[in-house]
Amino acid sequence: MRNFEDDPTLEDLLTSDQLKRLNRMLSALCREPVEISGNRDSGAVALEFNLETVGWLSGGSSGQERLAAADLVSFLMMFIAKYRLAANLHHDTTEASYAELQKQNEALKASEARYRALSSQLQDKVDEQVAVIKQAQMDLYESARLRSVGQLAAGVAHEINNPIGFMSSNLKVAGEYVSDLRQMVPDTDQNRELLDDFADLIGESSDGASRIASIVSDLKTFSSIDQADYTLCDVNELLSSAVHLLQTEYGQDLDILEKPGELPKISGHPSRLSQTFYNLLDNAAQALRAGEQGTQGGRILAKTSVDSDGVRVVIQDNGCGIAEDIREQVFDAFFTSRPVGAGTGLGLTVARDTVRAHRGTIQIDSREGKGTRVTLSLPVR
Amino acid sequence: MADHSPEENRLALKVVFYGPALSGKTTNLMQLHSLLNPQRKGELMVLETRDDRTLFFDMLPIGLKGDSGLDLRLKLYTVPGQVQHDSTRKAVLSRADAVVFVADSQAGQQDNNATAFGNLEENLDKVGLDIDSLPMAVQFNKRDLPGVVGDAELQQRWAGTPWAPLQMASALHGKGVIDTFRVLLDRLYTEVDREFALHTDHGIDRDTFIRQLSAASEENRA
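Residues numbered from 1 in each chain as written. Chains lettered and ligands numbered in written order. Predicted model: local features only at pLDDT ≥ 70, side-chain atom pairs only at ≥ 80, totals over all residues.

**Q** It is not clear to me how the packing of helix H1 (residues 25-35) of chain B against helix H5 (residues 177-196) of chain B should be interpreted in this structure. Could you clarify?
**A** Any two packed helices are characterised by the angle at which their axes cross and by the distance between the axes. All names here are of chain B. Orientation of H1 relative to H5, taken along the N-to-C sense of each, is 95°, at an axis distance of 9 Å. As far as their axial angle goes, H5 and H1 are roughly perpendicular. Contacts between H1 and H5 involve Asn28, Gln31, Leu32 and Leu35 from the former and Val177, Ile178 and Phe181 from the latter. Split into classes, the residues belonging to the contact of H1 with H5 amount to five nonpolar, two polar and no charged. (Axes fitted to C-alpha atoms, helices over the stretch in contact; angles between N-to-C directions. Helix = DSSP H or I, 4+ residues; strand = E, 2+ residues; numbered from the N terminus. Parallel < 35°, antiparallel > 145°, perpendicular 65-115°, else oblique. Contact = placed C-beta atoms within 7 Å. Nonpolar A, V, L, I, M, F, W, Y, C, P; charged D, E, K, R; others polar.)

Structure, rendered in structure tokens:
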């Protein structure tokens, strides 16, 4: 590309038509025709422009005439060249400005693309945050629901406790009355059948009432109705009494092996700890019952020991185990794998809350069909 | 960016008069045109002006022949000083071999001088030239006007730069114009001689270079 400042040639300054016309006009002024060309003929005069020879002028009647004509042409050249220079410069600068504009345009496009990407990322981030908020709202709603259910349960438990108390005691008395009746009425087949059935009815009702009482007691613990003060507890003693309670419930054929270790006393809430141990033992007993061999051959191990973390309580069974797909849910309140009415779904929830209240941990290891081991760790202080 | 063509034995150099608007760049060139009588001198081309302001540029070609037949040309350009003609300034500045910075001595113009100098530095950078290595002379013009910044103060201010000492001029009255030009030629010769061996190959020594290109009309007559 030529620069605007390059010295112009004859062709740059004049087109061939313009050159012919100039030749004609100059010839008309001179006595003999003159001609401008790029070739140097003998006797030709240099046409100078800006120290540069741009062409040669020949012809004319004399050297003087040629010089005069050449002067005139040089004079004209200056104005033509001025225009050329200005036009070329204008062209150059316009082109440079355009190139710069294009560069700026590219830069703008790139920055726009960057902002576009940023804005779509922003949308993703907003969506993400909205999801988090939604989840938090759900959790909040869920916990509020659970709290209200807990309050309702506590209320219901409190109200049920009294009637169930006198129902149980009345049924007990009614059972004694049936025994009394047996001696009073004539001993006929019909009477005997009637009284046996009567005794069964009362027995079943009594079982039902005690089941209601146990559910109510679970509910009360769950909703922390009876908040007693913390005292020093002997874990072995609490565990042992829970074992005895369970054996009363299930009968002596339940094989529970106790392995108490030497333990320091811990600061704790005795009734809640007892409830926890009972719940875990009850789960173990249920697992045996649901297992292949039933309670026969089934065995529960209740072991205590002490280590750097504090008191360890292990309750292990060789029952049915916990199915893998529900293992995540076992601590959820009201979740139960037992038939409707057989479990409140609060046993492990109560256990976990109790352990947490004692700043301890609870861990469940289970293999379906092989058994379950629950390990509680309770800090001494 | 000297334009050297060995086959034609020609060397064209470009000198650009740069500076803030209305500092007297064109006046410098017009004075050079009328005061100088170098070996060869072309026509001063004053391109379009409006209200005495340069729109495009002015150009004055001068030249000399060396002993080797070297056809050495110097093209002297001015740039438009007004801010809006920056792309023209850049186009004229490209491939320059030397710069004369014409500053305005009036106290109120010192900010404009600084802005124009900054613009020169920036534009040189854009066209691939380095202000520190480019031969340059700095002239403070309009010394004849009242209220100009004092000589001593200006000289002191520029003392630490490669362009000291400054040239003081009153271009309108033809004073200091040729002196400035000679300082420039001196600095330009150093660079050109190094690159094209003017002295050894073409028989043009420093003194010849400066004298031939800046011969004043009256000196010549004498």
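Further notes follow.
**Q** It is not clear to me how the pairing of strand E10 (residues 371-378) of chain A should be interpreted in this structure. Could you clarify?
**A** Remark: a regular strand shows side chains that alternate across the two faces of the sheet. As paired elements, strand E8 (residues 310-317) of chain A and E10(A) share seven bridges and run antiparallel to each other. Each residue of the ladder has a partner; that of Asp317(A), found in E10(A), is Thr372(A). (Pairing = 2+ DSSP bridges.)

**Q** Any chance you could explain the sheet that holds strand E5 (residues 256-259) of chain A here in plain terms?
**A** The strands making up a sheet associate through hydrogen bonds between their backbones, and the pairing can be parallel or antiparallel. All names here are of chain A. The sheet built from five strands is open, its strands ordered E5-E7-E8-E10-E9 with mixed pairing. Two strands lie at the open edges of the sheet, namely E5 and strand E9 (361-367), each paired on one side alone. Taken pair by pair, the neighbouring strands of this sheet meet at an average axis angle of 15°, ignoring direction. Pairing of E9 with E10 involves seven bridges; the strand directions are antiparallel. In the sheet register, Gln363 faces E10, and the bridge partner there is Thr375. Helix-sheet contacts for helix H5 (residues 235-250) involve E5, strand E7 (300-307) and E8, and the interaxial angle to E7 is about 175°.

**Q** Can you help me understand the interface of chain A and chain B in this one?
**A** Bring the parts together and some accessible area is lost; that lost area is often taken as the interface size. Taken residue by residue, the interface counts 12 residues in chain A and 13 residues in chain B. In terms of residue class, the side of chain A that touches chain B is made up of seven nonpolar, three polar and two charged.

**Q** What am I meant to see in unusual backbone geometry here?
**A** Residues Ala164(B) and Pro165(B) are joined by a peptide bond in cis, for which omega reads -5°. Tracing the chain through its elements places Pro165(B) in the loop between helix H4 (151-157) and strand E11 (167-168). One non-glycine residue with positive phi stands out, namely Arg359(A), at about 55°. With respect to the helices, strands and loops of the structure, Arg359(A) is situated in the loop between helix H7 (347-357) and E9. Look at Asn9(B): it is not a glycine, yet its phi comes out positive at around 55°. One can find Asn9(B) in the loop between strand E1 (3-5) and strand E2 (10-18).

**Q** Can you walk me through the nonpolar core in this structure?
**A** Nonpolar side chains in soluble globular proteins tend to be buried together. One finds Leu57(A) and Val16(B) to be the most contacted residues of the largest nonpolar core, which totals 75 residues. Aside from chain neighbours lying at most four places away, what touches Val16(B) is Tyr77(B), Val79(B), Val92(B), Leu93(B), Ala96(B) and Val99(B). (Core = buried A, V, L, I, M, F, W, Y, C linked by C-beta atoms within 7 Å. Buried ≥ 20, exposed ≤ 12 C-beta atoms within 10 Å, placed from the backbone.)

**Q** Would you mind showing me how to read the UniProt feature "coiled-coil region" (unreviewed entry) in chain A here?
**A** Feature annotation in UniProt assigns "coiled-coil region" (unreviewed entry) to the following positions: residues 91-128 of chain A. The distance separating the terminal C-alpha atoms of residues 91-128 of chain A is 55 Å; by composition the span is 100% helix and 0% strand. (UniProt positions renumbered as here; feature names shortened; annotations may be inferred.)

**Q** What am I meant to see in the packing of H5(B) against helix H7 (residues 206-214) of chain B here?
**A** Residues and elements named next belong to chain B. Put simply, H5 and H7 touch, their axes get as near as 10 Å, and they point 145° apart. By crossing handedness, the relation of H5 to H7 is classed as right-handed. Between H5, through Ile178, Phe181, Arg182, Leu185, Asp186 and Tyr189, and H7, the contact on the second element is made entirely by Arg206, Phe209, Ile210, Leu213 and Ser214. Tallied by class, residues from the contact of H5 with H7 come to seven nonpolar, one polar and three charged. (Left-handed = near helix turned anticlockwise from the far one by under 90°.)

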